[in-house]
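Topology and contacts: notes
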Amino acid sequence: MTEVRLYNTLAREKQVFKPIDPLNVRMYVCGPTVYNYAHIGNARPVVVFDVLFRLLRHLYGTEHVKYARNITDIDDKIMAAADAEGVGIKAITRRYAEAYTANMASLGALTPSVTPKATEHLPEMIKMVQSLIEQGHAYEAEGHVMFNVPSMETYGALSKHGRDELIAGARVEIAPYKRDPADFVLWKPSTKNQVGWGSPWGRGRPGWHLECSCMIEKHLGETIDIHGGGQDLIFPHHENEIAQSECAHGKQFVKYWMHNGYLTVDGEKMSKSLGNFHTVDDLLKDHEGEALRLSLLTAHYRQPIDFSIESVNEQKRRLDRWYRITDNVEAASTVPETVVNALKDDINTPKAIAALDELAADETASELKAGAQFLGFITRSAAEWFQAGIAGDISPLAIDAMIDARNQARRERDFAESDRIRDELLGLGIALEDTPEGTLWRKAD
Ligand SMILES: [Zn+2]
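This text gives an overview of the structure that appears in the document. On a predicted model such as this, the values are computed, not experimentally measured, just so you know.

Before going further, it helps to spend a moment on the packing of aromatic side chains. Counted by the stated rule, this structure contains ten aromatic pairs. Measuring from centroid to centroid gives 5.0 Å for Phe 147 and Phe 184, while their planes differ by 15°, and the two rings are stacked. Here Phe 184 lies in strand β7 (residues 184–189) and Phe 147 lies in strand β6 (residues 144–147), a separation of 37 residues in the sequence. The two residues Phe 147 and Phe 184 agree in class, both being buried. Relative to Phe 377, the ring of Trp 322 lies with its centre 6.2 Å away and its plane at 70°, an arrangement referred to as edge-to-face. Taken together, the residues Trp 322 in helix α10 (residues 309–326) and Phe 377 in the loop between α13 (365–374) and α14 (382–387) connect sequence positions 55 residues apart. The class for Phe 377 is buried, based on a relative accessible area of 1%. Joined through ring pairs, the aromatic side chains of Phe 17, Tyr 60 and Tyr 256 make up one cluster.

As structure tokens, then:
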């Protein structure tokens, strides 16, 4: 079998993937902070690492791969959102965690093996902070506990940041009690009106970086195979996860670090003021989840991707083609090698999609179906796919009756009548297509 090669951010090169234990392959991806709806940029790592999860399950066996993706349900942004609405933080986190789970499922992402929540890991977090203090890597100051960056010689190894960049990056947290300007927060105090938990350092709450280290230890172990996330998380978040975990445990934290590139929309950084801000929830109202998923996979995950509605529509047409070809065909029992090999090469999804297009061009329908399903596509029947999103103005039975009437007219060579029926359906948003198997209908573009 060809080896899996993955680009390891830590080494800045593609490396052969060798799991620590092939019977227990472990990966972790940083999940959402649930204070609003996920945008399409947030969905990119979810879809990309879902493809990796699928590949690993295929190669090592479903029961031998454990994938954890956390939910950050305590954060100052959540507290601000709760204050703005005059509700408790649970009302906010429950609403957006549910939406996130539903939205990502609509994008074809498999449910991770575990979805740990930060608020369910306070004892673990307090324990890790205590251990860091005892080992001289952290100190208490004015109700805060800070990680002391100079206490770790290898700090900065992932981001390759020099001392100046480290200080500049940590400057968001200016505080007089910092021993070193690069030090970062492990624990901070909560006021009476803020959410907090009792701790040896008083009532407070964890800094953001801490939860991932603790949840990884608890659910996956002290050393794991793969840790993924967006490029923007390399520094400081992932650098700080490494500092906490490696100083607490005295061993390597992650073997392979993987990061996906940025997403722009219509060539610009997504922003509410530019009007190019798309939440997944909104996009799913007008577009198929599979079309959104495919558009996120058209670029290699490490490259930047430019998202646009045109690209979603283009991928919808590609899926139309795949659905048409695979209609009423049984999927082959094995996934095509061309698809698997493309993914083994650092998750080369553009190459995998090209391999599926080749199968489509050859009308190798059962292989196409197996390959597409492996990647999370062709999850429905062609009839369901083409009829999805039809407005409730006309029932499928009525459409079928009109198609029968039109076929009757055509048999009688009454083309004026058959054209009239076609136009009437088009007016209702329904397009007809005559195929050797009969007349199919779908939502008009
Ligand atoms: Zn994280």
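From this point on, the discussion continues.
Here we take up the pairing of strand β3 (residues 25–29). In terms of residue burial, β3 counts as a mostly covered element, since five of its five residues are buried. Alternating positions in β3 separate into two faces, Val 25, Met 27 and Val 29 on one and Arg 26 and Tyr 28 on the other, with burial throughout. The pairing of β3 with strand β4 (residues 65–69) spans five bridges and is parallel. Of the residues in β4, the one forming a bridge with Met 27 is Tyr 67. Between the parallel pair β3 and β4, the chain is carried across by helix α1 (residues 40–60), and the sense of this crossover is right-handed. As defined by bridge partners, β3 adjoins strand β9 (residues 224–230) across three bridges and the pair is classed as parallel. When the bridges of β9 are listed, Val 29 appears paired with Gly 228.

Looking now at the sheet that holds strand β5 (residues 138–141). In space, the four strands of this open sheet follow the order β5-β6-β7-β8, with antiparallel pairing throughout. Looking at which strands have only one partner, the edges of the open sheet turn out to be β5 and β8 (204–206). Between one strand and the next, the sheet's axes are offset by a mean angle of 20°, whatever the strand orientation. For β6 and β7, the ladder comprises three bridges, and the chain directions are antiparallel. Note on β7: the bridge partner recorded for Met 146 is Val 185. Contacting β6 and β7, helix α7 (residues 234–249) crosses the sheet at an angle of about 85° to β7.

Calculation notes
Residues numbered from 1 in each chain as written. Predicted model: local features only at pLDDT ≥ 70, side-chain atom pairs only at ≥ 80, totals over all residues. Heavy atoms only, no water. Phe/Tyr/Trp six-rings, centres within 6.5 Å; stacked < 30°, edge-to-face > 60°. Helix = DSSP H or I, 4+ residues; strand = E, 2+ residues; numbered from the N terminus. Buried < 20%, exposed > 50% of the residue type's maximum accessible area, 1.4 Å probe, protein only. Pairing = 2+ DSSP bridges. Right-handed = clockwise from strand over helix to strand, strands pointing away. Axes fitted to C-alpha atoms, helices over the stretch in contact; angles between N-to-C directions. Contact = heavy atoms within 4.5 Å.

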